[in-house]
Amino acid sequence: MARYIGVMSGTSLDGLDIALIEQDPAIRLIATHYIPMPESLRAELLSLCASGPDEIARSAMAQQHWVKLAAQGIHSLLQQQQLQAQDIRAIGSHGQTVRHEPSRGFTVQIGNPALLAELTGISVVSDFRSRDVAAGGQGAPLVPAFHEALFERCTGSRAVLNIGGFSNLSLIETDKPVTGFDCGPGNVLLDTWIQDQRAESFDRDGQWAASGQLDQSLLTTLLSDPFFATQGPKSTGREVFNLQWLQRQLAQHPPLRAEDVQATLLELTALTIVHSLQAAQSDTQELLVCGGGAHNNALMQRLAALLPGTRVSSTAVYGVDPDWVEAMAFAWLAHCCMEGIAANRPGVTGARGLRILGAIYPA
């Protein structure tokens, strides 16, 4: 039995998810800890997603702040579980993505793994995406291999949908290699718009979107973005879909009520997921949803309505808390790296072959 810790902060930038798992050989979630993202750090990380003055120094300072938060959370989790640093084989730290441009041959996650190893006394595995990008891949999504391992006992044609800032699908069929790709915006535009219009961090249960009316003309414009016409392997990020992107689309239309824009953005998220799923795996029997979007009732209901022949539910139906799947995934990816197991999937990322992902920073 080996214990691993996964640390994840995604594009939503709401906080750090920390998960403790046991690998023996099945994956078992032992404990979790969450740290809200301080607003000052969130604002700085958002600003680093685009070019700006003195960004190298600012990035270095931001990642020190991020690592200190992560170390604090790890110490709290160990204390709660009455464990010592030596009881943990490794930490899998995704870091915070600030740039993701695989078409230009790079992806950047900040998170100073050397400092995290120093502060925790635990070996750290990080920089999971770079080796896949070096092999010609997208470097994302990386979770399909984990989804395959986590739900390997399920049979039939099924898919796992992670709805974080962006949405990605893992397509899992019996006796076939897992495939997957990014579908497009998940929560990122919904969160960005409500933050801009109402100074709220997210649309709880999709209530604001549900209060609005879909604008078909705006939806058609949004769906015309070239990303949605591409086939997998593909991945995306804030470099493409952000407030400025949305404002450019809105400028092509007469002024709309803010809630109608939100309703249209929810339909954009739902439709791009459904179109992607139907194009890649039309006979999907079950769609298991994880990530923050699993709590958006309006979005979940819309997905179910658009997929009448597919069971749509949270991963919780299999005893897996949807809030912790990604943090668990990076704990598992650390396990794969430490054991020399290839963890990318060429059919997902487009890499030239299987690769061992991650760089190890010994304690």
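The rules we used
- Residue indices begin from 1 for each chain and proceed along its sequence in written order.
- Per-residue local features are limited, in this predicted model, to residues with pLDDT of at least 70; the limit for side-chain atom pairs, both in listing and counting, is 80 or more; totals at the level of whole chains, interfaces and linings are taken over all residues.
- Side-chain measures were taken over the full set of non-hydrogen atoms in the model, leaving aside hydrogen atoms and water.
- UniProt positions are given in the numbering used here, feature names are shortened, and annotations may be inferred rather than shown by experiment.
- Secondary structure follows DSSP: runs of H or I at least 4 residues long count as helices, runs of E at least 2 residues long count as strands, and numbering of each begins at the N terminus.
- In this description the radius of gyration comes from C-alpha coordinates, and the expected globular size is given by 2.2 Å times residues to the power 0.38.
- Buried means the residue's accessible area, taken with a 1.4 Å probe over protein chains only, is under 20% of the maximum for its type, while exposed means over 50%, and partly exposed covers the values in between.
- In this analysis, two residues are considered to be in contact whenever any of their non-hydrogen atoms come within 4.5 Å of each other.
- Each accessible area is a Shrake-Rupley result for a 1.4 Å probe, and residues are judged covered by the shown protein chains and nothing else.
- In this charge count, Lys and Arg are treated as positive and Asp and Glu as negative; neither His nor the chain ends contribute.
- Here the site of a charge means atom NZ of a Lys, CZ of an Arg, CG of an Asp or CD of a Glu.
- Each pair of aromatic rings taken from Phe, Tyr and Trp, with Trp reduced to its six-membered ring, is defined by centres within 6.5 Å and is described as stacked if the planes are under 30 degrees apart, edge-to-face if over 60, and tilted in the remaining cases.
- Look at NZ for Lys and CZ for Arg. If either is within 6 Å of the ring centre and within 35 degrees of the ring normal, a charge sits over the ring.
- Two strands pair under a simple rule: DSSP has to find at least two bridges between them.
- Axes here mean lines fitted to C-alpha atoms, for a helix over just the part in contact, with angles spanning 0 to 180 degrees between N-to-C directions.

- As annotated in an unreviewed UniProt entry, the protein chain is Anhydro-N-acetylmuramic acid kinase from Pseudomonas saponiphila.
- Taken directly from UniProt, the Sequence similarities (unreviewed entry) text for the protein chain runs: "Belongs to the anhydro-N-acetylmuramic acid kinase family."

## What about the overall build of the protein chain?
Reasoning step 1: For the protein chain, the count of helices and strands is 13 helices and 13 strands.
Reasoning step 2: Computed over C-alpha atoms, the radius of gyration of the protein chain comes to 20 Å, within 12% of the 21 Å expected from 2.2 N^0.38 for 363 residues, which places it in the range of a compact globule.
Reasoning step 3: For the C-alpha atoms alone, the extent of the protein chain along its principal axes is close to 60 × 50 × 40 Å.
Reasoning step 4: Residue burial in the protein chain is summarised as follows: out of 363 residues, 57% are buried.
Reasoning step 5: Counted over contacts in the protein chain with a minimum sequence separation of 6, partners at least 24 positions apart contribute 68%.
Reasoning step 6: Entry remark: accessible area of the protein chain is about 15000 Å², with carbon and sulfur atoms responsible for 49%.
Reasoning step 7: Charged side chains in the protein chain number 24 positive and 35 negative. The centres of these two groups are separated by 4 Å.

## Here we look at the packing of aromatic side chains
Reasoning step 1: Taken as a whole, this structure holds seven aromatic pairs when the rule is applied.
Reasoning step 2: Relative to Trp-332, the ring of Phe-146 has its centre 5.7 Å away and its plane inclined at 50°; by these criteria the two rings are tilted. Separated by 186 residues along the polypeptide, Phe-146 in helix α5 (residues 144–150) and Trp-332 in helix α12 (residues 325–339) bring together distant segments of the chain.
Reasoning step 3: Given a relative accessible area of 0%, Phe-146 falls into the buried group.
Reasoning step 4: Ring pairing ties together the aromatic residues Phe-227, Phe-228, Phe-241 and Trp-245, which thus form one cluster.
Reasoning step 5: Over the aromatic face of Phe-227 sits the side chain of Lys-234, whose NZ or CZ is 4.4 Å from the ring centroid.

## Details of the sheet that holds strand β10 (residues 179–185)
Backbone hydrogen bonds are what pair the strands of a sheet, in a parallel or an antiparallel way.
Reasoning step 1: If you trace the five strands from one edge of the open sheet to the other, you get β10-β9-β8-β11-β12, paired in mixed fashion. Looking at the sheet topology across the chains shown, the edges are occupied by β10 and β12 (311–314). The mean inter-strand angle of the sheet, taken between neighbouring strand axes irrespective of direction, is 20°.
Reasoning step 2: The pairing of strand β8 (residues 157–163) with strand β9 (residues 166–173) spans seven bridges and is antiparallel. Bridged to Val-160 within β9 is Ser-170.
Reasoning step 3: Taken strand by strand, helix α10 (residues 258–280) contacts β8, β9, β10 and β11 (286–290), and its axis lies near 155° from that of β10.

## Side note on the sheet that holds strand β13 (residues 359–361)
Reasoning step 1: Sheet architecture is open: six strands sit in the order β3-β2-β1-β4-β7-β13, paired in mixed fashion. Both outer strands of the open sheet, β3 (27–36) and β13, are each paired with one neighbouring strand and no more. Going from strand to strand, the sheet's axes swing by 20° on average, the running direction of each strand aside.
Reasoning step 2: Bridge count between strand β1 (residues 2–8) and strand β4 (residues 90–93): four bridges; the pairing is parallel. Paired with Ile-5 across the two strands is Ile-91, which belongs to β4.
Reasoning step 3: Sitting on the sheet, helix α2 (residues 55–81) touches β1, β2 (15–23), β3 and β4, and the angle it makes with β3 is about 130°.
Reasoning step 4: The strands touched by α12 are β1, β2, β3, β4, β7 (124–126) and β13; relative to β1, the strand with the most contacts, the crossing angle is about 130°.

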